[in-house]
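Residue strings, one per chain:
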Amino acid sequence: MNNGEKEMVHRILVIDDNPDIHKDFQTILGEEEQDTELDELRAEVLGDNADESVAKTRYELNFASQGKEGSEKIKQALCENRPYELAFIDSRMPPGWDGLETIEHIWKTDPHIQIVICTAYSDYSWEEIAKRLGKSENLLMLKKPFDSAEVAQLASALTEKWSLARQASMKMEQLERMVKERTDELTKINKQLEQEVAERKRAQEKQTELFRQVESINRELKDFASIVSHDLKAPLRGIKTLANWISTDYADKLDKDGREQIDLLSGRVDWMHQLIEGVLEYSRVGRTKEEWVQVNLSQVVPKVIEMIAPPENITITIENKLPTIECEPTRIMQVFQNLLGNAVKYMDKPNGQIKVGCVQEDSFWKFSVSDNGPGIEEKHFEKIFQIFQTLSPREDSESTGVGLTIIKKIVELYGGKIWVESTVGEGSTFFFTLPKQKMGAKNAKLAPNIVG
């Protein structure tokens, strides 16, 4: 061997139940570096360079007579970190695994090994092989009897391919290590920068939250108010006017059923008008702003009760002295007016009892409005807070299904939450929380205070 020559040793495994085939491969590949004809063939396949630094190829050949034996050899080679680069596998090896089953086991162990399946029969078509093993660039077919030059060419090309792929993989691993090291350095630098720009980050987060709120509101209310106020209210006013005109001018011509139908039409127009107003009110929550002031709920809630004017058979009791909180007065009145109004509206007992309470829970005020009314089935606990959802049929109720939705939006806008607990036939309790700190609420001692 010349000084400029380098020796490359490639490991090849031959799996065939015929010992004569083993000898054939030994003859073809075992003394390749002394075979001038094969040197010329290698030059033809890989290129003939005049460079004196020529990599001489030598093969380390191992043999197995059965597929299972060959699979074990490949496992052992991997454990020793001396993997085989190429395997020539016979298609028929009775009584054990055939070639395809052997390949399936081998690729589970080493998916990178190059494989040449050798066959003298038409056991499987190439399409059948591809369907069973999957299309792979690591699989070729060689027909028996062998041509020595073809075997040498396959061995040279496929082991070279395996070596190049391994080098590329190692290079990729090296690059990944370098990238990780560089990433770790940049991460360290980034942490230092994060500390330096902490104030800017907090300002950006606040700005992002404000943009998010504005974007959410704009998405919900884009062109909504103008459409509702003009395109829906105008036809309703026309229908109402027409109904009144018919009722007045044709009063003597309408029978009892006719008058009832006109009254029903007029009532439905009024209900639709209320529904539109409710939707508009829902759209304004969070969009129109009032000045935040200190609101004494012990003064506000009695005023709400007075506005509702419950009938004599219903008593509303404020069980505790309610706190003073910082909020928008109109919004907090809406919350209590809707909850108390619903409790009065749907009361089905001859002696109705409605109670308003408040307790402190950590950094929140927890308010409650309870009644001994008809109660609500558990399956409706979420539904009642959805817009346009009512528990009574439309023809039996003037409810718009918007009130509780507005309350939920107000409470959540303030950073609280609202829910209901109820037993059918016994009554319901609506709870909602408001954060004390965020709203600037004052500490207030909770003491009994009865209002009828």
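What you see is a predicted model; the values in this text were computed from it and never measured.

(A) Representation of the side chain of S163 in the model. Looking at the secondary structure, you find S163 in helix α6 (residues 148-196). Judged by its relative accessible area of 10%, S163 is buried.

(B) Structural view of the sheet that holds strand β11 (residues 418-423). Strand order across the open sheet formed by five strands is β7-β9-β10-β12-β11, with mixed pairing between neighbours. Strand pairing shows two members of the sheet lacking a second neighbour, β7 (314-318) and β11, which therefore form its edges. The sheet shows a mean angle of 15° between the axes of neighbouring strands, taken without regard to direction. In this sheet, strand β12 (residues 427-435) lies alongside β11 in antiparallel orientation, the contact comprising six bridges. Its bridge partner lying in β12, W419 is registered against F431.

(C) Geometry of the side chain of T433. If you trace the backbone, T433 turns up in strand β12. Ignoring any residue separated from it by four or fewer positions in sequence, one finds T433 in contact with F364, W365, K366, V411, G416, K417 and W419.

(D) Representation of the pairing of β11 within the structure. Every second residue of β11 is oriented toward a common face, the buried set being I418, V420 and S422 and the non-buried set W419, E421 and T423. The turn joining β11 and β12, which pair antiparallel and follow one another in sequence, is formed by three residues; a positive phi near 90° is taken by G425.

Scoring rules and cut-offs
Residues numbered from 1 in each chain as written. Predicted model: local features only at pLDDT ≥ 70, side-chain atom pairs only at ≥ 80, totals over all residues. Heavy atoms only, no water. Helix = DSSP H or I, 4+ residues; strand = E, 2+ residues; numbered from the N terminus. Buried < 20%, exposed > 50% of the residue type's maximum accessible area, 1.4 Å probe, protein only. Pairing = 2+ DSSP bridges. Axes fitted to C-alpha atoms, helices over the stretch in contact; angles between N-to-C directions. Contact = heavy atoms within 4.5 Å.

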